[in-house]
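As a plain string of letters, each chain reads:
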Protein chains: 2
Amino acid sequence: MEYQLNFRVNNNIYIRDPESSELGKEIVRKAIELIYEIGYEHFTFKKLATEVGTTEASIYRYFKNKHFLLVYILNWYWSYLEFLVMFQLKNINDPQLKIRKVIELLTRELPTDSGRIKYNISFLNQIVITESSKVYLVKEIKEINQAEVFKQFKDLCNTISTIVLELNPQYPYPHSLSSTLIETSHNQQFFSSNLKRLTDVKTNEDVSGYVAAYLEDLVFRVLK
Amino acid sequence: MEYQLNFRVNNNIYIRDPESSELGKEIVRKAIELIYEIGYEHFTFKKLATEVGTTEASIYRYFKNKHFLLVYILNWYWSYLEFLVMFQLKNINDPQLKIRKVIELLTRELPTDSGRIKYNISFLNQIVITESSKVYLVKEIKEINQAEVFKQFKDLCNTISTIVLELNPQYPYPHSLSSTLIETSHNQQFFSSNLKRLTDVKTNEDVSGYVAAYLEDLVFRVLK
DNA sequence: CTTAAATGATAGTAACACTATTATAGTAAA
DNA sequence: TTTACTATAATAGTGTTACTATCATTTAAG
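Here's a quick rundown of the structure. Just so we're clear, the structure is a prediction, and the values are computed from it rather than from any experiment. Position labels on residues start from 1 in each chain and follow its written sequence. All chains are assigned letters beginning with A, and all ligands numbers beginning with 1, in the order in which they are written. Whole-chain, interface and lining totals are the exception, using all residues; otherwise, since this is a predicted model, local features are given only for residues with pLDDT of at least 70 and side-chain atom pairs are given and counted only at 80 or more. Side-chain measures were taken over the full set of non-hydrogen atoms in the model, leaving aside hydrogen atoms and water.

1. Some thoughts on the packing of aromatic side chains
Centres within 6.5 Å are what make two rings of Phe, Tyr or Trp a pair, Trp counting through its six-membered ring; a difference in plane orientation under 30 degrees is then read as stacked, over 60 as edge-to-face, and the rest as tilted. Per the counting criterion, the structure on display carries 30 aromatic pairs over all chains. A network of ring pairs unites the aromatic residues W76(A), Y80(A), F83(A), F87(A) and Y119(A) as a single cluster. Comment: the charge-over-ring label is applied if NZ (Lys) or CZ (Arg) is within 6 Å of the ring centre and within 35 degrees of the ring normal. The residue whose ring lies beneath K139(A) is Y36(B), and the NZ or CZ to ring-centre distance is 5.2 Å.

Here it is as structure tokens:
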């Protein structure tokens, strides 16, 4: 169970570890529900406090502000995703199959068969699609990055680029392709659901199936 | 000069056309400077009013809120970009060259050789990279989309997918590839500047040159 | 049983996102 | 030339957000 280490999120993100108390866990759990329901911009600590049955002040003892709470949630997701990638790929040798698995994990809802899962994965998935770019598309990016807040994301990107190179050792842009894959998996899912004309998804077609097919096609064309 | 029609932004976006008065133009001009400087999150109508030398109330007569002001600015950019694409491509027959031109326009700073340009294109470019996804990654996406706010963006995406099909008529995902190109041009530029480890850019390498090379390589691998 | 840490309760402040009202200057029609 | 309409300025006000501070109370650990 050495993978459990990867589950930890960077402690620059929180003031007090939310996993260390019931209230902390409840804050994160309800935050996921609330952000899913009303979206990040409408989400406030006051509303969250009411949901949890606590006070704003108590939430501020765990997180500096709502931005860092979002960072925390996404980090949790990314580190869980990386864990799943590592776990599901460790007995696969065929790099082609590995890429397929990765794309599946990026597009389908994550499995919840781990005992450690306490959050609503389906909501989390939507949050990742809709809100994740908001954590880095900010003026304070340099400072935030110095706090090593994006380590999980970079690790995931590295893991994928290793597989990319297994498939085609000559390919010159493994990291860019990996970050493109991750980002594109989000925005194509969003577009397929909300701005269909920006994609070639058919009416009533399964969105994550469509995006998976598109990304697989893309990656194999690029790397063959 | 039939292209000038395309310069108009959809009037669901503003309350009063900012192009119809000096104050209106000044609001948009200073908004671009201010959003560039302090970022969308820190940008407020109050600060903008001070910059412009007017009052909050006056700005509210032009735009419903800062979200729609951003939408306006991005629409202006997208419609100018589409104008440039149309204009620069109309005498080119080779689809390969067309794609190269498009990628150049997506990654390099836009030329300002049109008499109609009144805004700081360099700032605009940065705003597009950093802020554009914020206009659609919101809970209100359905309502906003119904107001035809994203028409310019979709038009641009359509234009590019036509070229994609010229290069490879069998390619099954022309729209998704086009929207991926646009989005990836933004996020790879952002990553190359701010989170280099997510790309393969070299230290001191020119960012837009890197992204152009990456995207060209990608597109031609996909479409050949 | 004592003490420290975590939480709850309450209050308060500055900034933000608006809305409303009235005054005034400029312009266009009668 | 008056009238009348429009755009803007000036000012004020409201409810919400994003915090910070203080102090009382509960709880858990030594």
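2. Some thoughts on the relation of the copies chain B and chain A
The two chain copies are connected by a rotation around an axis plus a translation along it. Least-squares superposition aligns the copies on the C-alpha atoms of those residues with pLDDT at or above 70 in both. Once turned by 180° and shifted 0.0 Å along the axis, chain B lies on chain A with an RMSD of 0.0 Å. Both copies are brought into coincidence by an operation consistent with a two-fold rotation axis. Among all residues of chain B, the minimum C-alpha distance to the rotation axis is found for V222(B), at 2.8 Å.

3. Overview of the interface of chain B and chain A
By definition in these notes, contact holds between two residues if any of their heavy atoms fall within 4.5 Å. Between chain B and chain A, the contact holds 53 residues from the first and 53 residues from the second. Whenever Lys or Arg places a side-chain nitrogen within 4 Å of a carboxyl oxygen from Asp or Glu, that contact is recorded as a salt bridge. Summed over the shared surface of chain B and chain A, the result is 0 salt bridges. In protein, a polar contact requires one atom able to donate a hydrogen and another able to accept it; more generally it is a pair of N or O atoms within 3.5 Å, and residues adjacent in sequence count only if both atoms are side-chain atoms. At the junction of chain B with chain A, the criterion picks out 31 residue pairs in polar contact (both at pLDDT 80 or more). Take the side of chain B that touches chain A: its biggest share by element is 14 residues, from helix α10 (residues 174–194) of chain B. Under the scheme applied, nonpolar residues are Ala, Val, Leu, Ile, Met, Phe, Trp, Tyr, Cys and Pro; charged residues are Asp, Glu, Lys and Arg; polar residues are all the others, including Gly. In terms of residue class, the side of chain B that touches chain A is made up of 24 nonpolar, 16 polar and 13 charged. Runs of E in the DSSP output that reach at least two residues are strands. Runs of H or I that reach at least four are helices, and both are numbered from the N terminus.

4. Details of the protein's contact with DNA strand D
Contacts to DNA strand D come from 16 residues, most closely from Y60(A), N65(A), R16(B), T54(B) and Y62(B). The sugar-phosphate portion of DNA strand D accounts for 65% of its atoms within 4 Å of the protein, the bases making up the rest. Here a base nitrogen of DNA strand D and a side-chain polar atom of E56(A) are 3.3 Å apart. Here a phosphate oxygen of DNA strand D and a side-chain polar atom of R16(B) are 2.5 Å apart. For the surface near DNA strand D, the element with the highest residue contribution is helix α3 (residues 56–60) of chain A, accounting for 3 residues. By residue class, the composition of the surface near DNA strand D is 4 nonpolar, 6 polar and 6 charged. What makes a residue near a molecule or strand is one non-hydrogen atom of that residue sitting within 4 Å of it.

5. Some words on helix α1 (residues 22–38) of chain B
All names here are of chain B. Between its first and last C-alpha, α1 extends 24 Å over 17 residues, near the 24 Å set by a 1.5 Å rise per residue. Under the scheme applied here, a residue whose accessible area is under 20% of the maximum for its type counts as buried, over 50% as exposed, and between as partly exposed, the area being computed with a 1.4 Å probe on protein chains only. Those residues of α1 that fall on the buried side of the exposure criterion are G24, I27, V28, K30, A31, I32, L34 and I35. Check the buried side of α1 and you find it contacts α2 (45–52), α3 (56–60), α4 (66–89) and α6 (121–131). Within two residues after α1, G39 carries a phi angle of roughly 85°, on the positive side. Each helix should span, by expectation, one fewer than its residue count multiplied by 1.5 Å.

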